[in-house]
Amino acid sequence: MSYSEKIIAELEKRYADQPEFIQAAREVLTTIQPALDAHPEYERVSLLERLVEPERIIMFRVPWVDDAGKVQVNRGYRIEFNSAIGPYKGGLRLHPSVNLSILKFLGFEQIFKNSLTTLPMGGGKGGSDFDPKGKSDREVMAFCQSFMTELYRHIGPNTDVPAGDIGTGAREIGYMFGQYKRLRNEWSGVLTGKGLPFGGSLARTEATGYGAVYFLTHMLAEKSETLNGKTVCISGSGNVAIYAAQKAQQLGAKVVTVSDSSGYVYDPDGIDIELLKDVKEVRRARIREYAEARTSAIYHEGERPWGETCDIAMPCATQNELELTDAQKLVSGGTRFVVEGANMPTTLEATNYLVENGVFFAPGKAANAGGVSVSGLEMSQNAEHLSWTFDEVDSKLQDIMANIYTAASEAAEKYGHPGNLIFGANIAGFLKVADAMMAQGVC
């Protein structure tokens, strides 16, 4: 039994109730075995045993009062997974599905994603089972202030720097930042994704979607192709999906689908980005309202978009949204590129099927690293008390995504899996963290 297989077996026994975390660990550990074979010293110091256990897990109750005067109680979390290369960095997810397994999977993925950016950021994740949907601004503020009243003890600009995630946008980050500032009596870059008037970075909203498309352009260039004339299917309709669609269409592609949890729309004329923003960002409505306002669009209730014909598929919604049957539809429809805009949106079975059938596949930890990259750039601007222009940040983002592609491609080649960006991204991200852990001793 290999070193990675031994650790996976131990995790499956110890954390049988955490399927998302086991899935993420299996996806990484099975692909870094070539690097483990090249570095037997890692096993001698139990490096993987330490890597798969968070350095710290913080769990706490979050009491708050709703508009009816009733006390509500949610559960809050912060997973401080690994700080070998920098302070913990990762988002705060507010969604009813949040639990320890999901946050451990996200925090574990964040270690390698942050490593790939080359910025000094460790891996972490957090959030709560609170659902901001349908809540008034006052209720959201009450929750966020209570959440931060506990979390502030554990974070700081050189310790742990949370960001936004699903359910945690500019409104929520603003309320949390205000409470942190009040409790600590200091202004610091303790959160990223802040509003522009109080330390936020231009291009942060667009960063994950734009970054995924920039990564895609390097994949296409590898095949001597461009986005011009390509048809793209995108799932999701949040920031990642909206701005991936916008950038893809700016570069000559036609994006024909977007979705939410209720279904998807197919628009053969290409997604109208301004209408999509109005529906999802202004009205905060369901995606069906896009189809109601656009005669060319067709709404498909309760379905995912992967049955539509496309050259490129970009799952940008949530974990495990693209399953084996979806992958089979994509392959039979002639899809040649799949780029993960969300975190682990493709199941292991679907990923393997796509790769085995010649689809050029980009894993999320590489392709969607644009968001955390610009979060890191926001940290730098805060530390220097500077504010860069949109073009300056966008240029740095393009450079970072190019470097991530190069690192993943070269690692895949070096360790015997040329062209496989899953192996390449995992190995490249892992080696930097492993080297830092080795240098710092047993800790």
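Residues numbered from 1 in each chain as written. Predicted model: local features only at pLDDT ≥ 70, side-chain atom pairs only at ≥ 80, totals over all residues. Heavy atoms only, no water.

## Side note on unusual backbone geometry
- Even without being glycine, Ala203 reaches a positive phi, approximately 80 degrees.
- Of note, Ala203 is situated in the loop between α8 (170-184) and α9 (204-222).
- Since its relative accessible area comes to 5%, Ala203 is described here as buried.
- Within the chain, Asn320 stands out as a residue other than glycine whose phi angle is a positive 55 degrees.
- Among the secondary structure elements, Asn320 is positioned in the loop between β10 (312-315) and α13 (324-332). (Helix = DSSP H or I, 4+ residues; strand = E, 2+ residues; numbered from the N terminus. Buried < 20%, exposed > 50% of the residue type's maximum accessible area, 1.4 Å probe, protein only.)

## Points about a nonpolar patch on the surface
- Taken together, the side chains of Val65, Val71 and Val73 define a hydrophobic patch exposed on the protein surface, amounting to about 250 Å² of accessible area.
- Along the polypeptide, Val65 turns up in strand β1 (residues 56-65). (Patch = residues over 30% accessible without salt bridge, like charges linked within 9 Å, V, L, I, M, F, W, Y side chains within 5 Å. Areas by Shrake-Rupley, 256 points an atom, 1.4 Å probe, with all protein chains shown as cover. Salt bridge = Lys/Arg side-chain N within 4 Å of Asp/Glu carboxyl O.)

## What about the domain arrangement of the protein chain?
- Domain boundaries in the protein chain define domain 1 (3-187) and domain 2 (206-362).
- Each of domain 1 and domain 2 has a C-alpha centre, and the two are 26 Å apart.
- In this assembly, 14 residues from domain 1 lie in contact with 11 residues from domain 2.
- Taking both sides of the interface into account, the surface hidden between domain 1 and domain 2 amounts to around 950 Å²; carbon and sulfur atoms contribute 50%.
- The three residues of domain 1 that bury the most area against domain 2 are Gln23, Phe105 and Arg171, which together make up 43% of that side's buried surface.
- Looking at the side of domain 1 that touches domain 2, the elements that each hand over two or more residues are α2 (19-29) and α6 (100-116).
- Here the side of domain 1 that touches domain 2 gets five residues from one element, more than from any other, and that element is α2. (Domains from an automatic or database assignment. Contact = heavy atoms within 4.5 Å. Buried area = accessible area lost by both parts, 1.4 Å probe.)

## Looking at the nonpolar core
- Within the largest apolar cluster, 61 residues are counted, with the highest numbers of intra-cluster contacts made by Phe215, Met219, Ile234, Tyr290 and Met314.
- When residues in this core are grouped by element, the largest group, nine residues, is from α9.
- Both domains that furnish three or more residues to this core are identified here as domain 1 (3-187) and domain 2 (206-362).
- Setting aside residues up to four positions removed in sequence, Phe215 forms contacts with Ala362, Ala366, Ala367, Met401, Ile404, Tyr405 and Leu421.
- Membership of the second largest hydrophobic core comes to 42 residues, among which are Ile102, Leu103, Val433 and Met437. (Core = buried A, V, L, I, M, F, W, Y, C linked by side-chain atoms within 4.5 Å.)

## Focus: the pattern of salt bridges
- Here the structure, examined in full by the defined rule, presents 26 salt bridges.
- A salt bridge links Lys6 to Glu43, with the shortest nitrogen-to-oxygen separation between them at 3.7 Å. Here the residue Lys6 occupies a position in helix α1 (residues 3-14), and Glu43 occupies one in helix α4 (residues 41-44), the gap between them amounting to 37 residues.
- Among the ionic pairs, Arg26 bridges to Glu12, the shortest N-O distance being 2.3 Å. Of this pair, Arg26 sits in helix α2 while Glu12 sits in helix α1; the two residues are 14 residues apart in sequence, bridging distant segments of the chain.

## Remarks on the pairing of strand β6 (residues 231-235)
- Most of β6 sits inside the fold, with four of its five residues counted as buried.
- Bridging between β6 and strand β7 (residues 254-260) involves three bridges; their strand directions are parallel. Counted as the bridge partner of Cys233 is Thr257 from β7.
- At this point the chain moves from β6, through helix α10 (residues 239-250), to the parallel β7, and the crossover so formed is right-handed. (Pairing = 2+ DSSP bridges. Right-handed = clockwise from strand over helix to strand, strands pointing away.)

## Comments concerning the side chain of Ser262
- Note on placement: Ser262 falls in the loop between β7 and β8 (263-266).
- Look at Ser262 and you get buried, because its relative accessible area is 11%.
- Within polar-contact distance, the side chain of Ser262 engages the side chain of Asp260 at 2.5 Å.
- If we skip the residues at most four places from it in the chain, Ser262 touches Arg286, Ile287, Arg288, Tyr299, His300, Glu301 and Gly302. (Polar contact = N/O pair within 3.5 Å; in protein donor to acceptor, adjacent residues only side chain to side chain.)

## A look at the environment of Arg14
- Among the secondary structure elements, Arg14 is positioned in helix α1.
- Linking Arg14 and Gly199, residues 185 residues apart in sequence, is a C-alpha distance of 42 Å.

## A closer look at the packing of α1 against α2
- In contact at an axis separation of 10 Å, α1 and α2 are set at 175 degrees when each is read in the N-to-C sense. Compared by their axis directions, α1 and α2 come out roughly antiparallel. Mapping the contact onto sequence places Ser4, Ile7, Ile8, Leu11 and Glu12 in α1 and Phe21, Ile22, Ala25, Arg26 and Leu29 in α2.
- The residue inventory of the contact of α1 with α2, partitioned by class, reads seven nonpolar, one polar and two charged. (Axes fitted to C-alpha atoms, helices over the stretch in contact; angles between N-to-C directions. Parallel < 35°, antiparallel > 145°, perpendicular 65-115°, else oblique. Nonpolar A, V, L, I, M, F, W, Y, C, P; charged D, E, K, R; others polar.)

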